[in-house]
Amino acid sequence: MKPDSILAPWRDRWRLTPSGDAFATPSSVLQPVEWRGRPAFLKLATVEEEVAGSRLLAWWDGRGAAPVYEAEGDAILIERATGDRDLATIAASGPDGDDAATRILCSTAERLHAVDDRPRPDGLVGLTTWFRELFAEAAEHPDAHDGLYAHAASVARELIAHPVADVVLHGDLHHGNVLDFGGGGDGGVGWLAIDPKHVVGDPGFDYANILCNPDARLATAPGRFERQLGVISAAADVEPGRMLRWAFAWAALSSCWTERSGEGPGHTLQVARLARGLLPEPTRDAGATGIGLG
């Protein structure tokens, strides 16, 4: 069935006017629409992970995330971003822009993490589940990439075992998942998140993906990792050594996912190596890096 036909019942149910063609992704069928004169996106999730993410958007109720106008079953209608600012473009404009984009991402994460005034939605999973492929890869191939996956798995287990808090996470926070909503949504705050995963756990996890984005060139530029690590630690109030360990664990997990899918490890392996190079010796206190990134 064509995407337009799949979404037709929902357009009729919610009295939506198409603003563009319907299209399919590996996990959803989507279409830009108008709802009561407002720009919106109609989204029908086709995999359980996306269904859980849609429930999470509705649970946040516009607080740090795109507002949800309608939700029923696997379908959701969310406000469509119409602002002309783009975090990837801002980050690519130079160090000042890169720092500003990072602070916007940190602020968005902080707003999402603060929401905890109602029962959490169904389908959320812990970070132990989220890291399962890295744990499996480390067990199956402990020497891969000079033991990097095994080292990262050990660091991840330690972080997960000793969280500083337990919050509902975005799970995929990066420059393409925080959009400019202009004056609309959440009390006029312009930057709001889309496309969350369904993860709970230590808040530091959510900031690590910033260091792998917005693209390979910027993520691996000389000195960028260290500078952004400092920006994140200050903006998110995460101890620098802990943030470094989360960056190492997340970058290794991302590389592992890519490699286990049949592709090369990607640029996130380079980011993981950058992080590993800044880690203290294993025999030292992992929280005391002494790298001056606070």
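Data block above holds the structure.
Parameters at a glance
Residues numbered from 1 in each chain as written. Predicted model: local features only at pLDDT ≥ 70, side-chain atom pairs only at ≥ 80, totals over all residues. Heavy atoms only, no water. Helix = DSSP H or I, 4+ residues; strand = E, 2+ residues; numbered from the N terminus. Buried < 20%, exposed > 50% of the residue type's maximum accessible area, 1.4 Å probe, protein only. Polar contact = N/O pair within 3.5 Å; in protein donor to acceptor, adjacent residues only side chain to side chain. Contact = heavy atoms within 4.5 Å. Pairing = 2+ DSSP bridges. Expected span 1.5 Å × (residues − 1). Phe/Tyr/Trp six-rings, centres within 6.5 Å; stacked < 30°, edge-to-face > 60°. Salt bridge = Lys/Arg side-chain N within 4 Å of Asp/Glu carboxyl O. Core = buried A, V, L, I, M, F, W, Y, C linked by side-chain atoms within 4.5 Å.

S.K.: Would you mind going over the environment of Pro222 with me for this structure?
M.R.: Examined against the element boundaries, Pro222 turns out to sit in the loop between α9 (216-219) and α10 (224-236). Residue classification places Pro222 among the exposed positions, given a relative accessible area of 84%. Sequence separation between Pro222 and Leu274 is 52 residues; the distance between their C-alpha atoms is 10.0 Å.

S.K.: Explanation requested: the side chain of Arg80 in the structure shown.
M.R.: As for its placement among the helices and strands, Arg80 is situated in the loop between β6 (75-79) and α3 (87-91). In terms of polar contacts, Arg80 uses its side chain to reach the backbone carbonyl oxygen of Val33, at 2.9 Å. If sequence neighbours within four positions are ignored, Arg80 has contacts with Ser19, Pro32, Val33, Glu34, Pro39, Ala40, Phe41 and Phe181.

S.K.: Would you mind going over the pairing of β6 with me for this structure?
M.R.: Both faces of the sheet carry side chains from a regular strand, because those side chains alternate between them. Across the five residues that make up β6, a large majority, five, are buried. Here strand β5 (residues 68-72) pairs with β6 via four bridges, running antiparallel. In the sheet register, Glu72 faces β6, and the bridge partner there is Ala75. Hairpin connection from β5 to β6: two residues lie between these consecutive antiparallel strands, with Gly73 at a positive phi of about 60°.

S.K.: Would you explain helix α4 (residues 95-114) in this entry?
M.R.: Each α-helix turn comprises 3.6 residues. Residues three or four places apart therefore point the same way. Given a rise of 1.5 Å per residue, 20 residues ought to cover 28 Å, and the 29 Å separating the end C-alpha atoms of α4 matches this to within 8%. Regarding α4, the residues found buried are Gly97, Asp98, Asp99, Ala101, Thr102, Ile104, Leu105, Cys106, Thr108, Ala109, Leu112 and His113.

S.K.: In this structure, what is going on with the packing of aromatic side chains? I would like to understand it.
M.R.: Each aromatic ring pair is summarised here by two numbers: the centre-to-centre distance and the angle between the ring planes. In total, this model carries nine aromatic pairs according to the counting rule given. Taking the centre distance of 5.2 Å and the plane angle of 45° together, the rings of Trp10 and Trp14 count as tilted. Here the residue Trp10 and the residue Trp14 both occupy positions in helix α1 (residues 3-14), the gap between them amounting to four residues, near one helical turn. As far as burial versus exposure is concerned, Trp10 and Trp14 are alike and both buried. Summarising the aromatic geometry, the rings of Phe205 and Trp250 are spaced 5.4 Å apart at their centres and angled 90° between planes, so their arrangement reads as edge-to-face. Taken together, the residues span a long stretch of sequence, with Phe205 in helix α8 (residues 204-208) and Trp250 in helix α11 (residues 240-260) at a distance of 45 residues.

S.K.: Is there a simple way to think about the pattern of salt bridges in this case?
M.R.: A full pass over the atoms with the stated rule returns 19 salt bridges. The partner of Asp195 in a salt bridge is Lys43, with the nearest N and O atoms 3.4 Å apart. Residue Asp195 is located in the loop between β10 (191-193) and β11 (199-201), and its partner Lys43 is located in strand β4 (residues 38-45); the two are separated by 152 residues in the primary sequence. A salt bridge links Glu48 to Arg55, with the nearest nitrogen and oxygen atoms 3.2 Å apart. Through salt bridges that share partners, Asp98, Asp99, Arg224 and Arg227 make up one connected network.

S.K.: Mind showing me how you'd approach the nonpolar core here?
M.R.: Ranked by internal contacts, the top residues of the largest apolar core, which has 74 residues, are Trp60, Leu127, Phe131, Leu134, Tyr207, Phe225 and Trp246. If one sorts the elements of this core by residue count, α11 sits on top with 11 residues. Setting aside anything within four residues of it in sequence, one finds Leu127 in contact with Ile160, Leu169, Val199, Val200, Gly201, Asp202, Phe205 and Trp246. Trp14, Val33, Leu42 and Leu44 belong to the second-largest nonpolar core, a separate cluster that totals 14 residues.

That is the geometry; function is a separate question.
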